[in-house]
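Residues per chain are reported as follows:
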Amino acid sequence: MPSKIIVCDYAAAWPDQFAQLKRIIWPTVSDIALAIEHVGSTAVAGLAAKPIIDLDIVISSAPDLPAIIERLKNLGYEHLGNLGIEGHEAFRAPPGPIDHHLYVCLAESIAFKNHIRLRDRLRNDALVRKQYGDLKRDLALKFPDSIDAYVDGKTEFILNLLKDAGMAAPDLESIRNANKIF
């Protein structure tokens, strides 16, 4: 049975948790990857979030992916595939003290641009950050057992922010469709 969706106040420990995970992962992929980015709501100071750290390992090209998959496997990560989102590979984290989601993204992918633009927009606008946090809290209360309904409930808000951030209509449609997959 899936766990309940819980959105909590921002925790000052989240950046440190990201840094701990990065210290473990980066030495294994640093000669291939461009960066490891802290994305998702835990990357935005002051934003209410599910207490799960999201990390994107950024690569420049798809041929780099098999080596990254193998190296992450050696760290205990299980490759789950792209889950229907091009340029975005998901991994199940090994058991450990920090709950997290790990993705490998192509630098030019819509998925990575979505993560970065949304994160940066939320970091730079206190009103939007509060509105998004309130929306997430409301959705978690309304749909505590349905990640699909939770994600669907956030989609239009996210798409409007990304549109304001200059994301093109076809890219927005791709994100809308990806959010329906969950």
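In case you missed it, the structure is sitting above this.
Computed from a predicted structure; not experimentally measured.

Visitor: For this particular structure, what's the right way to read helix 2 (residues 65–74)?
Guide: In an α-helix, one full turn covers 3.6 residues, which means residues spaced three or four apart are oriented alike. Along helix 2, the positions that sit buried rather than exposed are Leu-65, Ile-68 and Leu-72. Buried residues of helix 2, viewed axially, fall in a sector of 60°; they line one side. Every exposed residue of helix 2 that faces more than 90 degrees away from the buried side is listed here: Pro-66, Lys-73 and Asn-74. Here the buried face of helix 2 lies against helix 1 (14–29), strand 2 (53–59), strand 4 (88–92) and strand 5 (100–106). After helix 2 finishes, the residue Gly-76 shows a positive phi value of roughly 100°.

Visitor: In this structure, what is going on with the sheet that holds strand 1 (residues 35–39)? I would like to understand it.
Guide: Across a sheet, paired strands are connected by hydrogen bonds in the backbone, their directions being either parallel or antiparallel. Read from one edge of the open sheet, five strands run 1-2-5-4-3, paired in mixed fashion. Of all strands in the sheet, those with a lone pairing partner are strand 1 and strand 3 (78–81), marking the two edges. Averaged over all neighbouring strand pairs, the angle between strand axes comes to 30°, with direction disregarded. Bridging between strand 3 and strand 4 involves three bridges; their strand directions are antiparallel. When the bridges of strand 4 are listed, His-79 appears paired with Phe-91. Here helix 1 sits on the sheet in contact with strand 1, strand 2 and strand 5, set at roughly 155° to strand 1.

Visitor: How should the packing of helix 4 (residues 126–142) against helix 5 (residues 147–164) be read in this particular structure?
Guide: Two measures define how a pair of helices packs: the angle their axes make with one another and the distance between the axes. Between helix 4 and helix 5, the least distance of the axes is 9 Å, while the angle of their chain directions is 165°. With respect to helix 5, the element helix 4 is oriented roughly antiparallel. Crossing geometry of helix 4 relative to helix 5 is assigned as right-handed. Of helix 5, the residues touching helix 4 (which contributes Val-128, Gln-131, Tyr-132, Leu-135, Lys-136, Leu-139 and Ala-140) are Tyr-150, Gly-153, Lys-154, Phe-157, Ile-158 and Leu-161.

Visitor: Help me out: how do you make sense of the environment of Ala-33 in this one?
Guide: Its place among the elements puts Ala-33 in the loop between helix 1 and strand 1. With 71 residues separating them along the chain, Ala-33 and Val-104 place their C-alpha atoms 9.1 Å apart. The contact partners of Ala-33, leaving out residues within four places of it in the chain, are Trp-26, Ile-57, Val-58 and Ile-59.

Rules and cut-offs
- Throughout, a residue's number is its position along its own chain's written sequence, starting from 1.
- Per-residue local features are limited, in this predicted model, to residues with pLDDT of at least 70; the limit for side-chain atom pairs, both in listing and counting, is 80 or more; totals at the level of whole chains, interfaces and linings are taken over all residues.
- Note that water and hydrogens are dropped before the side-chain values are worked out from all heavy atoms of the structure.
- For each residue, the accessible area found with a 1.4 Å probe, counting protein chains only, is set against the maximum for its type, and the residue is called buried under 20%, exposed over 50%, and partly exposed in between.
- Only DSSP runs of H or I reaching four residues or more are called helices, and only runs of E reaching two or more are called strands; each is numbered from the N terminus.
- What the arc measures is the spread of directions leading from the helix axis to the C-beta atoms.
- In what follows, a contact means two residues having at least one pair of non-hydrogen atoms within 4.5 Å.
- Pairing between two strands requires that DSSP report at least two bridges joining them.
- Axis angles are defined between N-to-C directions and span 0 to 180 degrees, where every axis is a line fitted to C-alpha atoms and, for a helix, only to the segment in contact.
- Our angle categories are set so that under 35 degrees counts as roughly parallel, over 145 as roughly antiparallel, 65 to 115 as roughly perpendicular, and the remainder as oblique.
- Handedness of each helix crossing follows the sense of rotation of the near helix against the far helix: counterclockwise by less than a right angle gives left-handed, clockwise gives right-handed.

Worth remembering: the numbers are spatial, not functional.
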